[in-house]
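Letter by letter, the chains look like this.
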Amino acid sequence: MTLLKLKFCSHSEVSPDASNEIRICGGMSSDVFTFVNGIIANWNRKSSVPVGEIPVSFDDVLKMHFCLLENSIMLIRQNGDMQLTSSYLDEDIKLVGSFGDSLEHVSWSPDESLLLAVSESKVLTILDSNYDMVAEINLNNLASASEIKQNVGWGTEETQFTGAGAKQKARNEQQPGDGALLSEEDSLESEPCAVTWRDRSDIFAVSYFDKKINSRRLSIFDREGTHLCSNELKADVSPGSLVAFRPCGDLIATNGRSANGSCIVNFFERNCLNHGSFVVDQNKNTAIYKIFYSVTSELLFVFTEKTGDSIEKNEFEMKIYHRSNYLYYLVQSYNLPEKCADYALDPSRPYHLTIALKNSCIYSFEWIFEEDSLESSSIEVFAVINGAKLMCTPYDELIVPPPMSFYEIDLEEPILYRCMSGINLFLFTQSSILVFECVSDIPVGCVLNRQFSYGKTTFNYKNFPQLLQKFHYSSLLSPICFLPFNWVALTKNIICCIIESKNETSAQQVLLLELDYVTGSVKVKKTFDLPSDELCFALAASSDLVTDTLYEAYLSLSSGKIMKLSGNDLSFISTEFPKPCNHIKTFVVNEVCIIFGCANNRYLYLNETLISEEATSFSIQTNKFLLFTTLSHRLFIVALNDLIGSDKTDSSQWYSRKIERGAKISGVVQKGTSVLLQMPRGNLECIHPKPLLINLIEQQLQEKQFLEAFKLCEKHRLDMNIICDGDFSAFLSSLQSLLSSVNSHHLLNLFISELKDTPSQLQFKRNTTVPTTGKVERICTRMIEMIHNDENLFKTYYLSLLMLHVKLEQPKSALELIKKHDSLENCKTAGLDFFLLLVDVDKLFDIALSMYDKQLVLRMLEKSKKDPKEFLPLINNLFKGKSEDEIQFNIDDYLRHHEKALKSLHKINSNFEQVFKYVKTHSLYVAALELFLPESSKQWQATAEEYALILSKDGKLLKAGCLYAKLKKFSDAFEAFCAARKYDFALVQFKRLNAKNVPDFFEKREQLVSGLESMGMLRAAADIMSGFDEESALELLTRNNAWSLASEFVMQSKRTTQLVPVLMASLESGLSELVVVVGEKVREVESLAHRMEEVVEKKKQWLALSLQDPEIGAYGDGTISEFSTISKTSKRTSSSQSSASSSRKLNRKKRSLKKNSPEEHLAILEELIKIHALVAKNIDSITELSFVISSTPEMKLDLHKVDIGKSVSELNSRITRVWSNADVMNVKINEFGENESNFEECVVKPMMNADLKLFVKPETLSFNILK
């Protein structure tokens, strides 16, 4: 950013009748100290009277300095005395030292550790902070440049490789006494010395008159006073009597004269080599009398004085230059009523300057940098001020980096500021306002630098400015006392600015100026006083202008408050920034004004909400996006809808991209996608961020501008899926219109190639209607249909059709399309050439062969540049056949399409053996079975039998059994199904067997019965056995506790009388065995319950002891407790414990029923669960058995002898006793228990969480089977 804008200007009159030059210096808290007429005074920038003063008895002060470290004021007198007083001006001044000689110049180092003084006898003295001498140097006795030892390389001009002739010429020029070296100004020996420090306080430069060469000399010294280097002696680059070290330390600026007498500024590097120059004024009567840099090195201040007979009074001017792209631009220029006597810079405010004129008036200025672009609703121009020139480039059309420009506007006096309102350009100078209208087709009132063109098309610009009127306002305001600043154009006729207040009730005033375009006059429309304690930091017009009488502006004040200027009213609004903002922008949403502000080039606010703490620049585009750069060198773009109405900002969801270090936003095209960035060195870069591109594409799609959207995606390489992903249904419905408007197969092919089923990642609005699957297929199918149905579209998108088929993985369809339509005039050879770019040549060769078209294959080979010697014999051999079927067989066999080849072979060859051999060679049994139908044919049966045998060998027994069943080989089918353990299928085949014809029939029966029993198909197994041995069938059922089936089997048998006793004996025996098992488990539960109580009690005691003494690690009997086990075994230091097997073994040892094991309580609970599961299973069997006995009258059995109820009751009692113990749930488990997932998830965790749903409840066993 090179546009320097005056933030505020104020002045104070210190002493109108001063007899001596005024001296000033900066203090703390924006204070300024002055010395004039023997009085030291303290001035505040908000006050027109001094806030403190102290008189002294002398007035010959050479330099005044504020000592920050000591918080004091030092005065250096011309006689060499050093006087010191407190900055509070509350004590008398005292003498702290003296140089003992009259002084010409004094200078402090930036770190205030050294003080330099040059006496009139050209003796340079260096003092430290204690005023002790560090070094004393006689400048008249310094060695010449030729006597100083030179470094090898490019350090000085002597060592630059310019040839022997040039070196000799340089030596001749260095001879002393050469009068040609003297300029008119520097030939005077009376010119004082000048000293300047580098900001790091490591070196300083001295400009002095050297009597040995009769010319001025520039020399560099270090802190100890060591002479480092001096300048080369050349007449056109001789240093002047003024020097200024750039704070960053790379250059030294000095005044000088060019060969034609122009006033120039020369630059020297820190090794005293010349580094160029620029012209300040071509008038020979103009001279520079002060030159210095701002504290940030960005601005160079040059003060000039113009004399001569042609003017009545000397003219004084302050010029401010800014360095950009290695050139210096004159960005501000002010005429001063008197010569500047002294100046003061404020390190806390880098763009603040206080100057004191010889008439004892103090002027304070503060500037800010703004973006160089001029933006309105229809015009975007990058405009750089360089003195009286405005260099303009329309960056919405082309980029011309400074110092070049597309056109220039030349004025008669330097430009201070410029702004736009609609199509009107306003230029402000120190005395006038010029208004231009940007509607001209030809450059009227401006200079066209060059003719820019894009390719063969000449670039024609239609918005050149044409001067409408020039207004003089100097008669209304004093040019320097009340200099207007913060200019802004509210309408074409109304200008708003800020001026220093003329009364004591306020510091500043808001001034409305009304322009009369007919008479060219300016009048004050309205004046508003700001509050006395407020200063205007920024002024911005509202973005919505209705008429010339309805206008709004917003003022950002020094307190952070906002004032609104509307018509003839100025009032505060509710919005208040947390910090005062130097830059503000406004826009209106739903008739509500939203204000963005940036404070200290860091804090960015939306009304009161903090957006960023590291913003360096910001801009707004079309009331939709906020763009800002940060100190982390990123560009953020945020939709305003995401910010408005939200108190919190989530920057992680914002779009951002990296930019060059230090780059700032200089302009944004309001109706486009361009963002203009300016680099720190001054050059320009135009980027097109994706959010702006996507926003424009969405607008174009809504307005059915499909061609523009396609071109934009192509130009910026965007994912073209965004075209269809926004509103998929609307896209499909407007597909016909899209194809007609795009009218370019190149753009459509690009779109097709990027199609994918997943939604585009560029969709910032996530309300896409894209289907989860099948998007590509639906789009391509619909396009193919539409293109085929329209002859004009077909001619345009013939190549796109091929690509659509390839996208659908239908290359053969594309090749058929080429074969069918390649005879058309616009399709000749083009289709095949394009198709070869989409599909692999080898794959395409196979596809062409599969179409059995020799001419197409030859054309494809010709286009693919294949070697004819390699492929022609092959093609001739493949197409060498007596019939079409034979050719197809040759090609399909070559392409390994064996199933298709089999069909062709079956047609041309009636010999089954040869065909069957081809089937066995390529394992084409499935295709052969379909080909040799019906199933009754010998060919089919032979193929099926061979295939079934192969399936059996491959272990595919189920398929083999099915084939054997179809072949009516029931015995083989039975064996295959039994081997596959499909006994239900084997049962069907067994019933088809004939016992007389099957030798091993009974073995098969036994095998089937055993298999059915293993599958639980007891009824079917009993049915098979009943035909041969009913007693064995009954024994099978009772053995598997199938009591109901056994009873049913006995009742349905013809031998019921004989089978009932057998069944009764089995029932009685089974019931007795179950009762015995239940009784044993009851006794086992009794033992476990008693043991569980002992374990829980012991662990409770041990837990209490371990809490008192953590070092305890064993039970009373010496067994390691679970608590000590955790701390010791969890470390796993030994190699045996590091393995998985060792860990499992250790876990089993820890959780066992062994007495005093670490997890004995968990092992007991595990065992109780197992017992319950077994008892529950036996109870179910007893219940079924009892039901069978009770429901069968033929069975006589005394159930009262079986005391099962008592056993169940005892079991309930024991389990309830364990379960009701509350301490069971509080026992701590260690890490080894957590490693066993089954027990952990199903038992331990539910217990820990007191969740009893998964644990066995004793109530489930509380029933009496006798009832």
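Residues numbered from 1 in each chain as written. Predicted model: local features only at pLDDT ≥ 70, side-chain atom pairs only at ≥ 80, totals over all residues. Heavy atoms only, no water.

Student: Report on the packing of aromatic side chains, specifying residues and quantitative values.
Tutor: Working definition: an aromatic ring pair is given by the centre-to-centre distance plus the angle between the planes. Counting across every chain of the model gives 40 aromatic pairs. Ring centres of F33 and F66 lie 6.0 Å apart, and the angle between their planes is 10°; on these two criteria the pair is classed as stacked. One end of the pair, F33, is in strand 3 (residues 31-36); the other, F66, is in strand 6 (residues 61-67), and 33 residues separate them in sequence. Across the pair, F66 and F33 agree in class, each one buried. (Phe/Tyr/Trp six-rings, centres within 6.5 Å; stacked < 30°, edge-to-face > 60°. Helix = DSSP H or I, 4+ residues; strand = E, 2+ residues; numbered from the N terminus. Buried < 20%, exposed > 50% of the residue type's maximum accessible area, 1.4 Å probe, protein only.)

Student: Could you give an account of the sheet that holds strand 22 (residues 286-293), with specific residues and numbers?
Tutor: Taken in spatial order, the 4 strands make up an open sheet running 22-23-24-25, and their pairing is antiparallel. Both edges of this open sheet fall to strand 22 and strand 25 (327-336), since each of them pairs with a single strand only. Direction aside, neighbouring strands of the sheet carry axes that sit 25° apart on average. Sheet topology note: the strand 24 (residues 315-324)/strand 25 ladder contains 9 bridges and is antiparallel. Bridge pairing in strand 25 links I320 to Q332. (Pairing = 2+ DSSP bridges. Axes fitted to C-alpha atoms, helices over the stretch in contact; angles between N-to-C directions.)

Student: Outline the pairing of strand 21 (residues 274-281), listing residues and values.
Tutor: Pairing of strand 20 (residues 263-269) with strand 21, which is carried by 5 bridges, proceeds in the antiparallel orientation. Considered in strand 21, the bridge of F268 is made with N274. Following strand 20, the chain reverses through 4 residues before pairing antiparallel with strand 21; C272 in that reversal takes a positive phi of roughly 70°.

Student: Hey, could you go over the packing of helix 23 (residues 970-979) against helix 25 (residues 1001-1015) for me, with residue numbers and the actual values?
Tutor: For the pair helix 23 and helix 25, interaxial distance at closest approach is 11 Å and the crossing angle is 30°. The angle between helix 23 and helix 25 falls in the class roughly parallel. The element helix 23 and its partner helix 25 pack so that their crossing is left-handed. For the pair formed by helix 23 and helix 25, the contact residues are S971, F974, E975 and C978 on the first element and K1004, Q1007 and L1008 on the second. Within the contact of helix 23 with helix 25, the residues separate by chemical class into 3 nonpolar, 2 polar and 2 charged. (Parallel < 35°, antiparallel > 145°, perpendicular 65-115°, else oblique. Left-handed = near helix turned anticlockwise from the far one by under 90°. Contact = heavy atoms within 4.5 Å. Nonpolar A, V, L, I, M, F, W, Y, C, P; charged D, E, K, R; others polar.)

Student: Give a detailed account of helix 25, specifying residues and quantitative values.
Tutor: Between its first and last C-alpha, helix 25 extends 21 Å over 15 residues, near the 21 Å set by a 1.5 Å rise per residue. Contacts from the buried residues of helix 25 go to helix 23, helix 24 (983-991), helix 26 (1018-1026) and helix 27 (1030-1039). Looking one or two residues past helix 25, G1016 carries a phi angle of roughly 85°, positive in sign. (Expected span 1.5 Å × (residues − 1).)

Student: Tell me about the nonpolar core, and please be specific about residues and values.
Tutor: Ranked by internal contacts, the top residues of the largest apolar core, which has 79 residues, are L902, L1008, L1012 and L1037. Grouped together as the second largest cluster of nonpolar side chains are 71 residues, F794, L817, L836 and F845 included. (Core = buried A, V, L, I, M, F, W, Y, C linked by side-chain atoms within 4.5 Å.)

Student: Report on the environment of F204, specifying residues and quantitative values.
Tutor: As for its placement among the helices and strands, F204 is situated in strand 15 (residues 203-210). Owing to a relative accessible area of 0%, F204 belongs among the buried residues under this scheme. In this structure, the C-alpha to C-alpha distance between F204 and S107, residues 97 residues apart in sequence, is 10.0 Å.

Student: Which residues make up the sheet that holds strand 2 (residues 23-26), and what are the values?
Tutor: Across the sheet, 4 strands lie side by side as 2-3-4-5; this open sheet has antiparallel pairing. What marks the edges here is a single partner per strand, and that holds for strand 2 and strand 5 (52-55). Taken over all neighbouring pairs, the strand axes of this sheet differ in orientation by 20° on average, direction set aside. One ladder, built from 4 bridges, connects strand 2 with strand 3; its direction is antiparallel. Across the sheet, C25 pairs through a bridge with F33, a residue of strand 3.

Student: Which residues make up the environment of V118, and what values go with them?
Tutor: Turning to its location among the elements, V118 is positioned in strand 11 (residues 114-119). Owing to a relative accessible area of 0%, V118 belongs among the buried residues under this scheme. It is 9.3 Å that separates the C-alpha atoms of V118 and I137, two residues lying 19 residues apart in sequence. Once residues lying within four places of it in the same chain are set aside, the contact partners of V118 are L103, E104, H105, V123, L124, L139, C193 and V195.

Student: Give me the pattern of salt bridges: which residues, what numbers.
Tutor: What the rule picks out here adds up to 36 salt bridges. A salt bridge links E408 to K389; the nearest nitrogen and oxygen atoms lie 3.8 Å apart. Taken together, the positions of E408 in strand 32 (residues 407-410) and K389 in strand 31 (residues 389-393) put the pair 19 residues apart, joining distant regions of the chain. With a relative accessible area of 12%, E408 lands in the buried category. Note that K470 and E412 form a salt bridge whose closest N and O atoms lie 3.5 Å from each other. Taken together, the positions of K470 in strand 39 (residues 464-472) and E412 in the loop between strand 32 and strand 33 (417-421) put the pair 58 residues apart, joining distant regions of the chain. (Salt bridge = Lys/Arg side-chain N within 4 Å of Asp/Glu carboxyl O.)

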